[in-house]
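# Close look at the chain arrangement
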Amino acid sequence: MGTKKEITVQISLTIFLIFFAIPLSSATITINSQTNSGYNLGDVIPISATVQTTTDISFNMDLVCGGNRTNFYRDSMTPGEPRTIASSLPLSKTIIGELKGTCSVNAYLGTDSKFTNNFQISDLINIESSISKTDFNPGEGILVKGNAVKENGKTVNGFIELNVLDGNSTVLSQPGTVNNGLFSVNITLPKDMRAGDYVLRLRVYEQDLSGAETNNGFTDKTIHIKQVPTSLEIVFEQPGAGVEPGTSVKVKAVLYDQTGVKIDSLAFLTIKNSKDKILNQVEKTTDEFLEFPIAYNEAPASWKVVAVSNKLTSETMFSILEKENASVEIVNKTVLITNTGNVPYNNTVLVKIADQTFNIDVYLKVDQSQRWLLTAPDGEYPV
């Protein structure tokens, strides 16, 4: 009896050892190649793995990024000797979609699963650019030079857009190309561009064979467009630029920039008579009136105003109007009539004494006076 028990124990132990000698997994994976630390869209990641299976089974490789995954390789395995799989992962949106960031490749065969080291997938382009200055005149050209490098350290071969932005609006745009990471693009500002601050935006991008945009990046610089004096206007307060003698001419210079906006500056105003003689010359703030008195007896004529400001000159004419006028004074028994206008006074003066009316024909040169004696019977009369 004792012998049978020993035989039974030995058989059981042998079966137990044979059971544990059989591998629990029917397949094994070894990843032969590791990835680089970083890639950009358009790159291709080579993946090599050695697999062996004891059963018919499917071998898969997935790209895993932040908990999301997509399969890029699948093949059926059959039992046999170890087999080396040489595959590649093209980083195109048609294959990986929007996956990027910290990623790894997961290879799995049955219950065996292996991961590569982590790596970065990026669509970013880093741009370095330079311009000679930041203040520009309207109508001036802006030359921008620089280089563009992808996150993976490789130079860019693609396209560039140079945009001038006013807030969220694009004022103008200029396309260009990037070759071996280098670019040079020139844009000309409009001559009537409003003065102020603008954003100069550089956008660099690459495209795949289908024309879809892949890697991209941008950089902003602030530029200032100067306020440039472009026109000088002479403005009179009097309508029609006609001035009555005995009043004052009121005139000012108004300076405008490239968009018709007034500029505060200084201007020299010169008033000349009909003989081109300078009567007054003064420096005034633009948009501030100069007041110059015109004598009551100044002869009718065309005078000139000349304005100079910021290398701009403007001139215009104004007229001294004709004014026929006379003053009448009654002194004792005489009527004194004086020409107080600026042209000969040729008129008829009506004089009424009590119920009697008299017409006096008067012709007086400028500033000339004449007396007339009034006669009537003794008494007081309204005249």
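Please refer to the structure placed before this passage.
Residues numbered from 1 in each chain as written. Predicted model: local features only at pLDDT ≥ 70, side-chain atom pairs only at ≥ 80, totals over all residues. Heavy atoms only, no water.

## So, the environment of E283
Among the secondary structure elements, E283 is positioned in strand β23 (residues 278-285). The class of E283 is partly exposed, set by a relative accessible area of 41%. On a C-alpha basis, the gap between E283 and G141 in space is 35 Å, while along the polypeptide they are 142 residues apart. E283 has contacts with L266, A267 and F268, leaving out every residue within four places of it along the chain. (Helix = DSSP H or I, 4+ residues; strand = E, 2+ residues; numbered from the N terminus. Buried < 20%, exposed > 50% of the residue type's maximum accessible area, 1.4 Å probe, protein only. Contact = heavy atoms within 4.5 Å.)

## Comments concerning the nonpolar core
In this structure, F59, M61, L63, F72, L109, F119 and I121 are the most contacted members of the largest nonpolar core, which totals 28 residues. For this core, the leading source of residues is strand β4 (residues 57-65), giving five residues. Not counting the four nearest positions on each side in its chain, F119 is found in contact with T35, N36, S37, Y39, I45, L63, G101, T102, C103, S104 and V105. Listed in part, the 24 residues of the second largest apolar core include I125, V185, Y198 and L200. (Core = buried A, V, L, I, M, F, W, Y, C linked by side-chain atoms within 4.5 Å.)

## Some remarks on the pattern of salt bridges
A complete count under the given rule lists 18 salt bridges for this structure. Residue K150 pairs with E206 through a salt bridge whose shortest N-O separation is 3.5 Å. Residue K150 is located in strand β12 (residues 141-150), and its partner E206 is located in strand β16 (residues 196-207); the two are separated by 56 residues in the primary sequence. Between D220 and R201 there is a salt bridge, and its shortest N-O distance comes to 2.8 Å. Pair noted here: D220 is in strand β17 (residues 213-225) and R201 is in strand β16, with a separation of 19 residues, a long-range link. Looking at D220, the relative accessible area reads 36%, which means it is partly exposed. Take R201: its relative accessible area is 29%, and that puts it in the partly exposed class. Several salt bridges share partner residues, and in doing so they unite E161, R203 and E213 into one network. (Salt bridge = Lys/Arg side-chain N within 4 Å of Asp/Glu carboxyl O.)

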